[in-house]
Amino acid sequence: MTSTATKTLWQGVYPAATTQFTESLAIDHDATQRVQTALVDDGVDGLIVLGTCGENNSLEADEKLAVLKGAVEAVGNRVPLVAGVSEFTTDRAIRYAQAAEAIGIDALMLLPAMVYVPNLNELYTHFRTVAEATSLPIMLYNNPPAYRVNVDFDTLARLEEVPNIVAIKESAPDPRRFTDLYNQFGDRYTLMAGLDDVALEGLMLGASGWVSGLTSAFPQESVALVAAQRRGDYAEALRIYRWFMPLLHLDAEHDLVQSIKLAEQIMGRGSERVRMPRMPLSGQRRADVIAWVEACAATRPLTDIADAA
């Protein structure tokens, strides 16, 4: 198992790395590894592998494990690797979590079971049962608009006694939740900002890091944004954030994966290929995203980025 002795979990910028495909839509493992290592070379602090942007639910079980093995091979001990756990049943989630641990993944990002909308006791039992099946540290993923269930405070209070549930990726669009979480639980759970277009608000309100989609296209600016916030240079953080915002809004849309992959392609970092039912953007939506990416690329706030990162 990969040692985390030299790594710090849940700090800084964690892009949700994309899974790359060939023209026949088989996994392009070489391209996927290039995407991952390029992000690390650009200074990110960790990687989310097989999150939403990694098209977790579009991959077969054996494909998922191959992507995880490739990430460990490509990245090694350079940054923490966090695997998204996005399965249809609790048993499948357990098997996947245990396989990820055996492969050498450092931590897990645990989602509610897919498709079925649980009641709160079912949600609690799913989270607890998966956590108890692995020794890996776990970040719960709260995204009520996407998964139609809110990880409420009563559930989090019941989960306080589960020692390896240690963090929350907070993707509710209301930034007040960061303060409410802190007031309720103190430092029991490490908070990560999880929705790109409220990321700076989350960081200012106590999140220790940012799980990001658009970082895959603009990693240097993302790293510089968080670095500026950390050192208290709020004017610089706000300058980068305002420049980035037209693209950050894409992370809150249903077609975020296609948009992010198209942005990667424009920036020379990957391909826009996706697996159905997703399809590449077309028509006016594609034209709009291209225009927004090209406008950001033409006005990149590069001043002092090397020092900030």
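Our subject is the structure that appears above.
Presented here is a report on the structure given in the accompanying data block.

Reading the values: rules and limits
Residues numbered from 1 in each chain as written. Predicted model: local features only at pLDDT ≥ 70, side-chain atom pairs only at ≥ 80, totals over all residues. Heavy atoms only, no water. Salt bridge = Lys/Arg side-chain N within 4 Å of Asp/Glu carboxyl O. Helix = DSSP H or I, 4+ residues; strand = E, 2+ residues; numbered from the N terminus. Phe/Tyr/Trp six-rings, centres within 6.5 Å; stacked < 30°, edge-to-face > 60°. Buried < 20%, exposed > 50% of the residue type's maximum accessible area, 1.4 Å probe, protein only. 1 Å grid on protein atoms, 1.4 Å probe; cavity = no way out; pocket = protein on both sides within 12 Å on 5 of 7 lines; lining within 4 Å. Points joined across faces, edges and corners; volume = space filled by probe spheres on them. Nonpolar A, V, L, I, M, F, W, Y, C, P; charged D, E, K, R; others polar.

Moving on: the pattern of salt bridges. Under the counting rule described, the total for this entry stands at 15 salt bridges. With its nearest N and O atoms 2.6 Å apart, the salt bridge here joins glutamate 221 to arginine 300. Placement of the pair is glutamate 221 in helix H9 (residues 219–230) and arginine 300 in the loop between helix H12 (283–298) and helix H13 (305–308), with a sequence separation of 79 residues. Between arginine 286 and glutamate 272 there is a salt bridge, and its shortest N-O distance comes to 2.7 Å. In this pair, arginine 286 is assigned in helix H12 and glutamate 272 in the loop between helix H11 (256–266) and H12, connecting sequence segments 14 residues apart. Linked by salt bridges that have partners in common, Arg128, Glu132 and Glu161 make up one network.

One pass over the full model with this rule turns up seven aromatic pairs. With a centroid separation of 5.7 Å and an interplanar angle of 70 degrees, the aromatic rings of phenylalanine 153 and phenylalanine 185 are classed as edge-to-face. Here the residue phenylalanine 153 occupies a position in helix H6 (residues 153–159), and phenylalanine 185 occupies one in helix H7 (residues 176–185), the gap between them amounting to 32 residues. Of the residues examined, phenylalanine 185 reaches a relative accessible area of 9% and is grouped as buried.

This brings us to the layout of surface pockets. Its boundaries defined by the atoms lining it, the largest pocket holds a volume of some 890 Å³. Surrounding the largest pocket, 39 residues form its lining, Thr52, Ala146, Tyr147, Leu256 and Arg278 being those nearest its centre. Elements with a contribution of two residues or more to the lining of the largest pocket: helix H5 (144–147) and strand E8 (209–212). Residue contributions to the lining of the largest pocket peak at three residues, all from H5. Across the lining of the largest pocket, the residue classes tally to 20 nonpolar, 13 polar and six charged. Approximately 280 Å³ is the volume attributed to the second largest pocket. Broken down by element, the residue count for the lining of the second largest pocket peaks at four residues, all from helix H3 (residues 90–103). Looking at the lining of the second largest pocket residue by residue, the classes come out as six nonpolar, four polar and five charged.

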